[in-house]
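Residue strings, one per chain:
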Amino acid sequence: MPHINIKFFPVALHRDTEQQLVDELTEAVTAAFGCSPNVVSIALEPVEEQRWQAQVYQPEIVGRGHLLRKLPNY
């Protein structure tokens with residue numbers, strides 16, 4: 001714990017960019033929760049644009065909106 005799952009439209013991330021993202025997220029999470037970096041897990045999950053509404057927006061953004069701390073503006 002904690003676990004982060006980032007869903008996004010498929011895009012080719014350079015290995016360095018991906019590693020920087022993981023490092024910065026890990027740093028922010030460990031600072032916020034006061035935990036060791038060793039217990040943080042991070043998933044990067046590409047979701048095709050045509051599946052976004054059904055797979056992400058409806059179940060996770062609309063259906064679990066009470067958990068969101070930042071809302072999308074689209």
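Everything discussed here concerns the structure shown above.
To start, this report covers the structure provided alongside it.

Notes on the layout of surface pockets
Then, number 1: As a volume, the largest pocket reaches approximately 450 Å³.
Then, number 2: Looking at the largest pocket, it is lined by 15 residues, and the ones nearest its centre are V56, I61, L68, K70 and P72.
Then, number 3: Of all elements in the fold, only β1 (3–8) and α2 (52–62) reach the threshold of two or more residues within the lining of the largest pocket.
Then, number 4: At four residues, the largest contribution of residues to the lining of the largest pocket is made by α2.
Then, number 5: Approximately 360 Å³ is the volume attributed to the second largest pocket.

Things to note about helix α1 (residues 15–33)
Then, number 1: Taking 1.5 Å of rise per residue, the 19 residues of α1 would be expected to cover 27 Å, and the 27 Å separating its terminal C-alpha atoms lies within 8% of that figure.
Then, number 2: Among the residues of α1, T26, V29 and T30 are the ones counted as buried. Buried residues along α1 cover an arc of 95° about the axis, so they all sit on one side. Seen from the open side of α1, the exposed residues pointing more than 90 degrees away from its buried face are D16, E27, A31 and A32.
Then, number 3: Where the residues of α1 are buried, they touch β1 and β2 (41–46).
Then, number 4: Positive phi appears at G34, one or two residues downstream of α1, with a value of about 65°.

Focus on the pairing of β2
Then, number 1: Judged from the six bridges that link them, β1 and β2 form a sheet pairing that is parallel. Each residue of the ladder has a partner; that of I6, found in β2, is L44.
Then, number 2: This β-α-β element, β1 to α1 to β2, shows right-handed connectivity.

What counts and how
Residues numbered from 1 in each chain as written. Predicted model: local features only at pLDDT ≥ 70, side-chain atom pairs only at ≥ 80, totals over all residues. Heavy atoms only, no water. 1 Å grid on protein atoms, 1.4 Å probe; cavity = no way out; pocket = protein on both sides within 12 Å on 5 of 7 lines; lining within 4 Å. Points joined across faces, edges and corners; volume = space filled by probe spheres on them. Helix = DSSP H or I, 4+ residues; strand = E, 2+ residues; numbered from the N terminus. Expected span 1.5 Å × (residues − 1). Buried < 20%, exposed > 50% of the residue type's maximum accessible area, 1.4 Å probe, protein only. Arc of directions from axis to C-beta. Contact = heavy atoms within 4.5 Å. Pairing = 2+ DSSP bridges. Right-handed = clockwise from strand over helix to strand, strands pointing away.

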